[in-house]
Amino acid sequence: MSTTAAGPQTSDTTLPTGEATRTVRKRKHRKMNPWGVIAWIAGIGFFFPVFWMVLTAFKQESDAYSDPPKFFFTPTLDQFRSVFETGASTALLNSAFATIVSTVFVLLLGVPAAFALSLRPVRKTQDALFFFISTKMLPIVAAIIPLYVIVANIGMLDNIWALIILYTAMNLPIAVWMMRSFFLEVPSELLEAASMDGASLWTSVREVILPLVSPGIAATALICVIFSWNEFFFAVNLTAVQAQTIPVFMVGFITGEGLYWAQLSAAATMAALPVVLAGWVAQNKLVRGLSFGAIK
């Protein structure tokens, strides 16, 4: 009797112990996963140039040119003061104004277009979509001469509104395609239920559809901000001084007299900071938006 009773007790106690041992081994295996180490090394490798740029921005020129490089130095803001004295504030304001206004225009035009092509499709929808995306197939260099002639004839050379119009046209096709994929993820039954409750189309879109696709709209807006902020070709050919943007301003640091690494790093840090902050603020909505429909 005692032997029989002891047998099941022994097996019952050894079974959880075996499971615990396997769990510990799995955890150790996960901790020792070499792919995680490789991913960390790759991430640090990609981030290191950015880290070095920011670090160099707080150095004196003599420290920036030192060999071997200096990791320990007395930080200074002299390079940032020098950049602002050369007119960086005007370029930053021009870039911010062109980026924000063009993104607002893209959303005002792209959201209704994406809604019409998804939840309220019309005839020849695929033809309209192909027309939108086909405008991105034309190389910019092939269109710059007629664009320059048109802008010059209407007296808008070195005018920030010319860049706003071009940035809106540049980002609108991508925005329509992205937001259409977000709208397609919304069940059409929601609009039918709202209409049965007596809601108008505008009320249904404002109170039902837009809250659902707001992460996708935020992701689209952030991508438009990045594209507009980094755009260089239109700005360098259609602006001079008054409408100069920050990418064009950065080219002025490349001279035949040599490169001032610390000052150039300070200017690059200021140029990258607004986009980085915008991405950091909208990171939650960006991840939700991209997983909502843009990459499905």
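Procedures and definitions
Residues numbered from 1 in each chain as written. Predicted model: local features only at pLDDT ≥ 70, side-chain atom pairs only at ≥ 80, totals over all residues. Heavy atoms only, no water. pLDDT = per-residue confidence, 0-100. Contact = heavy atoms within 4.5 Å. Helix = DSSP H or I, 4+ residues; strand = E, 2+ residues; numbered from the N terminus. Buried < 20%, exposed > 50% of the residue type's maximum accessible area, 1.4 Å probe, protein only. Lys, Arg positive; Asp, Glu negative; His and termini not counted. Salt bridge = Lys/Arg side-chain N within 4 Å of Asp/Glu carboxyl O. Patch = residues over 30% accessible without salt bridge, like charges linked within 9 Å, V, L, I, M, F, W, Y side chains within 5 Å. Areas by Shrake-Rupley, 256 points an atom, 1.4 Å probe, with all protein chains shown as cover.

Moving on, we get to the confidence of the model for the protein. For the protein, per-residue confidence averages 81 on the pLDDT scale, and 82% of positions sit at 70 or higher. Confidence drops under pLDDT 50 across residues 1–15; counting only partners more than four residues distant or on other chains, this segment forms 0 contacts.

Glancing now at the side chain of Lys59. By secondary structure assignment, the location of Lys59 is in the loop between α2 (34–57) and α3 (61–64). Summary of buried charges: Lys59 has no salt-bridge partner, and the nearest side chain of opposite charge, Asp63, is 7.3 Å away. Excluding its chain neighbours within four sequence positions, the residues that come into contact with Lys59 are Trp52, Ala64, Lys70, Phe73, Thr76, Gln79 and Ala262.

Further remarks concern a nonpolar patch on the surface. On the surface, a cluster of nonpolar side chains totalling about 720 Å² of accessible area is made up of Phe47, Phe48, Val50, Phe51, Val54, Phe71 and Phe72. Tracing the backbone through its elements, the reader meets Phe47 in helix α2.

All right, on to the pattern of salt bridges then. This structure, assessed with the given rule, holds 2 salt bridges. For Asp63, the salt bridge is made with Lys70, and the minimal N-O distance between the two is 3.1 Å. Note on Lys70: relative accessible area 37%, which makes it partly exposed. Of the charged contacts in the structure, one is a salt bridge between Arg81 and Asp78, with a shortest N-O distance of 2.7 Å. On the criterion of helical spacing, the pair formed by Arg81 and Asp78 is a turn pair, its members being 3 residues apart in helix α4 (residues 78–85). For Arg81, a relative accessible area of 48% gives the class partly exposed. Of the residues examined, Asp78 reaches a relative accessible area of 30% and is grouped as partly exposed.

Turning to the environment of Leu191, a few remarks are in order. Structurally, Leu191 is set in helix α9 (residues 188–196). Spatially, the C-alpha atoms of Leu191 and Val205 are 8.0 Å apart, while their sequence positions differ by 14 residues.

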